[in-house]
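Summary of structural features
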Amino acid sequence: MTRKLKKALTRLVDAGKHLNIDPTILKKWEFPQETTHARLTIRMDDGSHKHFRAWRCRYDDTRGPTKGGIRYHQSVTADEVETLAFLMTAKCAVMNLPFGGGKGGVQIDPSCLSKTELERLARRYVQIFAKVIGPNRDIPAPDVNTNKMTMAWMANEYDSIVGEWTPAVITGKPISLGGSLGRDDATARGGYYVLGLMAKDLGLIPGARVAVQGFGNAGSYIAQLLESAGYKVVAVSDSKGAICCPAGLDIKKLNAAKERNGNVTSFAGSDGVSRIAADELISVDCELLVLAALEDMIHAGNAANVKASVILELANSPITPEADEILKNRGVVVLPDILANAGGVVVSYFEWVQNRQGDYWSIEDIHARLKTKMEAEAAAIWACAKDKNITLRNAAYVHALLRLVDAIY
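A brief report on the enclosed structure follows. Position numbers for residues count from 1 along each chain, tracking the sequence in the order it is written. In keeping with the predicted nature of the model, local features appear solely for residues at pLDDT of at least 70, side-chain atom pairs appear and are counted solely at 80 or more, and the whole-chain, interface and lining totals rest on all residues. Heavy atoms from the whole structure form the basis of all side-chain values; hydrogens and water molecules are not counted.

Overview of the pattern of salt bridges
The rule for a salt bridge is simple: a side-chain nitrogen of Lys or Arg has to be within 4 Å of a carboxyl oxygen of Asp or Glu. Taken as a whole and judged by the stated rule, the model has 28 salt bridges. Across the salt bridge formed by Asp184 and Lys148, the nearest N and O atoms sit 3.5 Å from each other. Here the residue Asp184 occupies a position in the loop between helix H4 (148-162) and helix H5 (186-202), and Lys148 occupies one in helix H4, the gap between them amounting to 36 residues. Among the residues examined, Asp184 registers a relative accessible area of 41% and is labelled partly exposed. Between Lys371 and Glu375 there is a salt bridge, with the nearest N and O atoms lying 2.9 Å from each other. Within this pair, Lys371 and its partner Glu375 are both found in helix H11 (residues 363-388), separated by four residues, close to a single helical turn. A 1.4 Å probe rolled over the protein chains alone gives each residue an accessible area, and that area as a share of the maximum for its type sets the label: buried under 20%, exposed over 50%, partly exposed in between. By relative accessible area, which is 22% here, Glu375 ends up partly exposed. By sharing partners, the salt bridges in this structure join Arg11, Glu313, Asp324, Asp337 and Arg393 into a single network. Helix numbers and strand numbers start at the N terminus; a helix is a DSSP run of H or I with at least 4 residues, a strand a run of E with at least 2.

Quick look at the structure:
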């Protein structure tokens, strides 16, 4: 068993201790159902050929076809892909979606490729994995460094291979190609709905200070939503650095600056905004810390530096199990990833349903359906945590495991 996957599975094992189930059942999820590893060879613009490692993991399809994004990153490994596919299995069960968990990845720095090279890579990925994916078998979506254009290329290539239009094979597509309204901010909006439901119990009131680690898609959207709800966003970071403003950042102006210059640090130097080291972001004095960057950002070495009383996980696995224990002992409440960032897969499910029905919903309908689903599962997990006197993360995994086990019998 790989290192990251072994660490992630400890949370499922911990959940099993709170349920009266046969412990041998957990063996089913000790390793993935199916992982395909392939070499993608593409022609570069200069006529040369380059080769890239790629994976697609279908972790478990007990509850339905597997579902999960495809990421492009130079550090992608089989361990990472399988771990994220496991997390998707738990996340889909938490949200009561008719899906299992999947994930894909390509070991590449996409910034080094031209647009035409990226298109060839996307199409080659589908050519290689065409027998793995399918609207009733495994449904990809965007992830780190992939987007709706990537999905458009992939969906088009799949259509060419099977000889028919198959929009439900991939989600996160452009609206004109069968995508769903509400997908762009779905992850942030889902987390916002969870936070809104629990805010009073968590002691979060209007004016509460927020720090956002990872001012990308999810991070920028959650900052906008929280600012509009009366929170004060005092610090943000991205891959280039971090900024802080105790009086509160103007998110609209910050977004404009990042759009112009490609980073948040360009906003420093005006309106009381100062630059800070990126690793100082988690220790900013605030009530709410939003983690919207990458995995393992809070670990045993820095968990004691967190000053926030509440953490919202919009990234996957941003807190290690060791750090979880430290935070619990310090009284920090963590709204866990498999609940808090599930808005993306929920709206992906909505897109899949719309594609299959050929009936498309309004943005108001999408938001209402998302809010209802996020709040229902959040309320159930909150009640479970109180009933069993366990953390919200433990409760989320208990919630997921009950549904996974129920589907076996």
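So, next bit.
Re unusual backbone geometry
Trans peptide bonds make up most of the peptide bonds, and negative phi angles are found at most residues other than glycine. The residue Asn96 is not glycine, and still its phi comes out positive at about 60 degrees. Relative to the assigned elements, Asn96 resides in the loop between helix H2 (78-94) and strand E4 (100-107). On the basis of relative accessible area, Asn96 is assigned to the partly exposed category, the value being 38%. Residue Ser317 is not a glycine yet carries a positive backbone phi of 50 degrees. In this fold, Ser317 is placed in the loop between strand E11 (310-313) and helix H8 (321-329).

Considering the state of the cysteines
Two cysteines form a disulfide when their sulfur atoms are joined by a covalent bond. For this text, the term disulfide refers to a pair of cysteine sulfurs within 2.5 Å. Tallied over the full model, the rule gives zero disulfides. Cys57 supplies the cysteine sulfur nearest to Cys92, a cysteine that is in no disulfide, at a spacing of 13 Å. There is no disulfide at Cys245, and the cysteine sulfur nearest it, in Cys244, is 7.1 Å away. The class of Cys245 is buried, set by a relative accessible area of 2%.

Focus: the sheet that holds strand E5 (residues 138-142)
A pair of strands is considered paired only if DSSP assigns at least 2 bridges between the two. Across the sheet, which stays open at both edges, the five strands sit in the order E1-E2-E4-E3-E5 with mixed pairing between neighbours. Only two strands of the sheet have a single neighbouring strand rather than two, namely strand E1 (34-43) and E5. Each adjacent strand pair in this sheet contributes to an overall mean axis angle of 25 degrees, direction not counted. Note that strand E3 (residues 66-73) and E4 share six bridges and pair parallel. Bridge pairing in E4 places Lys67 opposite Gly101. Note on geometry: axes are C-alpha line fits, over the in-contact stretch for helices, and angles between N-to-C directions span 0 to 180 degrees.

Digging into the packing of aromatic side chains
The aromatic pairing rule takes the rings of Phe, Tyr and Trp, using the six-membered ring of Trp, and pairs them if the centres are within 6.5 Å, calling planes under 30 degrees apart stacked, those over 60 edge-to-face and the rest tilted. Taken as a whole, this structure holds nine aromatic pairs when the rule is applied. Considering the side-chain rings of Tyr125 and Phe129, the 4.4 Å spacing of their centres and the 35 degrees angle between planes classify their relative orientation as tilted. Highlighted residues: Tyr125 and Phe129, both in helix H3 (residues 115-129), separated by four residues, approximately one helical turn. Put simply, the rings of Phe99, Tyr349, Phe350, Trp352 and Trp361 pair up and form one aromatic cluster.

Taken by themselves, the reported measurements are silent on function.
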